[in-house]
Amino acid sequence: MRPIKAQISASALQHNLNVVKQHAPESKIMAVVKANAYGHGLIGVARALNAADGFAVLDIAEAIDLREAGFAQTILLLEGVFHEADLQLAASFAVDIVVHNEAQVAMLLRQRLLRPINVHVKMDTGMHRLGFSPDTYLAAVQQLKSCQNVRDLVLMTHFATADQPQGVALPLQQFKSIARQLPYAQSLANSAAILLHPDTCADWVRPGIMLYGASPVSGVLAQHFNLKPAMRLTSEIIAIQTLAAGESAGYGNRFTATRQTRLGIVACGYADGYPRHAGQYPNEAYPFGLPIAVNGSLTQTLGRVSMDMLFCDLTDIPAAQIGAPVELWGDLVPVDTVAEMAGTVGYELLCAVSSRVPIAMVA
Ligand SMILES: *Cc1c(COP(=O)(O)O)cnc(C)c1O
């Protein structure tokens with residue numbers, strides 16, 4: 001077996017859930033576990049987060065997986081159903097749905113469901129992606145309220161700029177001015193809103209990235225919010241080369257040694273989800289590549305990332321031999337630092353860990 005694996009810490013997930021609770025002590029917590037729990041493994045994460053009040057996913061198949069694994073909490077489809085057939089399934093597995101457009105309302109009005117389901121009605125407050133505009137929202141709520149397939153309603157919105165300097169004042173006011181006329185529960189906050197805008201924490205909060213111990217705010221590390229990384233992506237050194245000054249390594253000979261360089265070859269490449277655009281945005285600490293830890297010491301990647309392997313600098317880690325442990329990201333190397341230097345966000349790197357990387361839950 002290749003030595004690469006993603007170790008998922010149940011205690012880090014639980015710690016981060018408690019951080020959510022500290023920020024939103026009055027709110028029920030809908031743990032967002034879409035995209036295979038942001039790459040961490042749906043069922044293992046849900047078990048670790050069993051204290052959550054609900055789980056939010058994208059696809060009815062994921063919702064059914066959770067029910068069949070025994071989870072009795074609220075389960076929400078964040079984009080609702082895509083086709084009528086899924087509506088009957090949602091009803092039979094007692095799965096809540098988002099309703100964000102007129103076609104979904106029409107679907108609900110047309111069918112006769114086995115039993116009524118809970119609907120989270122989404123208002124578009126400036127994202128302009130999903131949701132009813134504020135001026136059509138009340139009418140949609142009225143229609144749904146009178147539909148025999150609908151049990152409880154939850155009023156919901158999603159912020160476009162919770163992590164930005166402009167904040168959420170305008171969309172929040174837009175939402176509240178309508179929601180306050182209605183006697184239903186409210187659900188607004190994602191991770192950035194939970195951490196930065198306590199006034200958005202209502203009956204429900206919907207944390208995603210913060211549960212996994214990565215930061216929703218670019219330029220601010222998760223550690224600053226007292227979050228712990230849930231994933232350690234680890235592998236091993238599988239070969240060592242010594243380059244003389246002037247010799248090059250890797251595809252395109254992208255790296256050329258300026259001094260005698262001890263080069264470690266790591267069993268991790270872009271087919272595992274490691275960003276190939278490593279080293280595009282060098283900084284002073286890591287002039288050639290991205291941060292990586294070998295034998296617990298920080299160093300950097302070198303040269304071009306290949307499909308199954310990458311290079312790192314072992315010149316100053318002479319004790320590292322073949323088999324030495326490598327951390328691609330986790331406790332020593334924040335995933336957000338790797339992401340920022342590769343021109344992306346931690347979300348993308350975590351979700352992109354590929355299915356060939358085995359996931360191991362650890363305490
Ligand atoms: C993904 C998602 C979230 C979670 O967002 P984070 O930034 O990961 O906390 C919350 N609400 C909705 C509607 C989402 O799609």
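Residues numbered from 1 in each chain as written. Predicted model: local features only at pLDDT ≥ 70, side-chain atom pairs only at ≥ 80, totals over all residues. Heavy atoms only, no water.

Draft legend 1. Empty space enclosed by the protein, seen in detail. Considering all chains together, one arrives at one cavity of 30 Å³ or more under this definition. By volume, the largest cavity is sized at about 40 Å³. Along the walls of the largest cavity sit H40, Y212, G213, A214, P229, A230, M231, W329, G330, V335 and L350, which together make up its complete lining. Taken together, the residues of the lining of the largest cavity sort by class into eight nonpolar, three polar and no charged. (1 Å grid on protein atoms, 1.4 Å probe; cavity = no way out; pocket = protein on both sides within 12 Å on 5 of 7 lines; lining within 4 Å. Points joined across faces, edges and corners; volume = space filled by probe spheres on them. Nonpolar A, V, L, I, M, F, W, Y, C, P; charged D, E, K, R; others polar.)

Draft legend 2. Layout of helix 8 (residues 169-179). Among the residues making up helix 8, those that are buried are P171, L172, F175, I178 and A179. End-on, the buried residues of helix 8 take up no more than an arc of 140 degrees, which puts them together on one face. Along helix 8, the residues that are exposed and aim more than 90 degrees away from the buried face are A169, L170 and Q173. Residues of helix 8 that are buried in the fold lie against strand 6 (117-123), helix 7 (134-145), strand 7 (150-157) and strand 8 (185-189). (Buried < 20%, exposed > 50% of the residue type's maximum accessible area, 1.4 Å probe, protein only. Helix = DSSP H or I, 4+ residues; strand = E, 2+ residues; numbered from the N terminus. Arc of directions from axis to C-beta. Contact = heavy atoms within 4.5 Å.)

Draft legend 3. Inspection of the pattern of salt bridges at higher detail. In this structure the tally under the stated criterion is eight salt bridges. In this structure, D331 and R232 form a salt bridge, with 3.8 Å as the shortest nitrogen-oxygen distance. Of this pair, D331 sits in the loop between strand 17 (325-329) and helix 10 (335-341) while R232 sits in strand 10 (residues 231-243); the two residues are 99 residues apart in sequence, bridging distant segments of the chain. A network of salt bridges, in which partner residues are shared, links R2, D272, D308 and R356. (Salt bridge = Lys/Arg side-chain N within 4 Å of Asp/Glu carboxyl O.)

Draft legend 4. Broad picture of the site of the ligand. Taken together, the neighbourhood of the ligand is formed by 13 residues, with K34, Y38, S191, I209 and Y347 sitting nearest. One nitrogen or oxygen atom from the side chain of R206 is found 2.9 Å from a nitrogen atom belonging to the ligand. G208 places a main-chain nitrogen or oxygen 2.9 Å from an oxygen atom of the ligand. Protein burial of the ligand: of its 390 Å² of free accessible surface, 92% is covered by the chains. When atom positions are compared with the pocket grids, the ligand is found to occupy the largest pocket. Of the residues that constitute the shell around the ligand, the class distribution is seven nonpolar, four polar and two charged. (Near = heavy atom within 4 Å. Polar contact = N/O pair within 3.5 Å; in protein donor to acceptor, adjacent residues only side chain to side chain. Areas by Shrake-Rupley, 256 points an atom, 1.4 Å probe, with all protein chains shown as cover. Sits in = over half its atoms within 2 Å of the grid points.)

Draft legend 5. Structural view of unusual backbone geometry. One non-glycine residue, N253, lies in the positive phi region at around 45 degrees. By secondary structure assignment, the location of N253 is in the loop between strand 11 (248-249) and strand 12 (255-256). Accessibility expressed as a relative area gives 46% for N253, which makes it partly exposed. In the Ramachandran plot, N295 falls in the positive-phi region, its phi being about 55 degrees despite a non-glycine side chain. Relative to the elements of secondary structure, N295 occurs in the loop between strand 14 (291-294) and strand 15 (297-302). By relative accessible area, N295 is classed as partly exposed at 35%.

Draft legend 6. Local environment of the environment of K34. Mapped onto the secondary structure, K34 falls in helix 2 (residues 34-38). With 174 residues separating them in the primary sequence, K34 and G208 have C-alpha atoms 8.5 Å apart. Among all residues touching K34, those that are not within four sequence positions of it are A56, V57, L58, E62 and L78.

Draft legend 7. Structural context of the side chain of N190. Examined against the element boundaries, N190 turns out to sit in the loop between strand 8 and helix 9 (191-196). Among the residues examined, N190 registers a relative accessible area of 16% and is labelled buried. Here the side chain of N190 touches A193 through a polar contact of 3.1 Å, landing on its backbone nitrogen. When neighbours within four sequence positions are excluded, N190 is seen to be in contact with H158, F159, A162 and R206.

Draft legend 8. Structural detail: the nonpolar core. Counting 120 residues, the largest nonpolar core has I97, L108 and W329 as its most contacted members. Not counting residues within four places of it along the chain, the set of residues in contact with L108 comprises L87, I97, V99, L113, V119, L144, C147, N149 and V150. If you look at the next biggest cluster of nonpolar residues, it comprises eight residues, including L243, A249, L263 and I265. (Core = buried A, V, L, I, M, F, W, Y, C linked by side-chain atoms within 4.5 Å.)

Draft legend 9. Focus on the environment of L155. The topology assignment puts L155 in strand 7. Judged by its relative accessible area of 0%, L155 falls in the buried class. A C-alpha to C-alpha distance of 6.4 Å links L155 and K122, two positions 33 residues apart in sequence. Setting aside its immediate chain neighbours within four residues, L155 contacts V121, Y137, V141, F175, A179, L182, Y184, A185, Q186 and S187.

Draft legend 10. The arrangement of the state of the cysteines in detail. Following the criterion strictly, the structure yields zero disulfides and no others. For C268, which is in no disulfide, the shortest distance to another cysteine sulfur is to C312 and amounts to 11 Å. Judged by relative accessible area, which is 0%, C268 ranks as buried. (Disulfide = S-S within 2.5 Å.)

Read these as layout, nothing more, since geometry by itself doesn't imply function.
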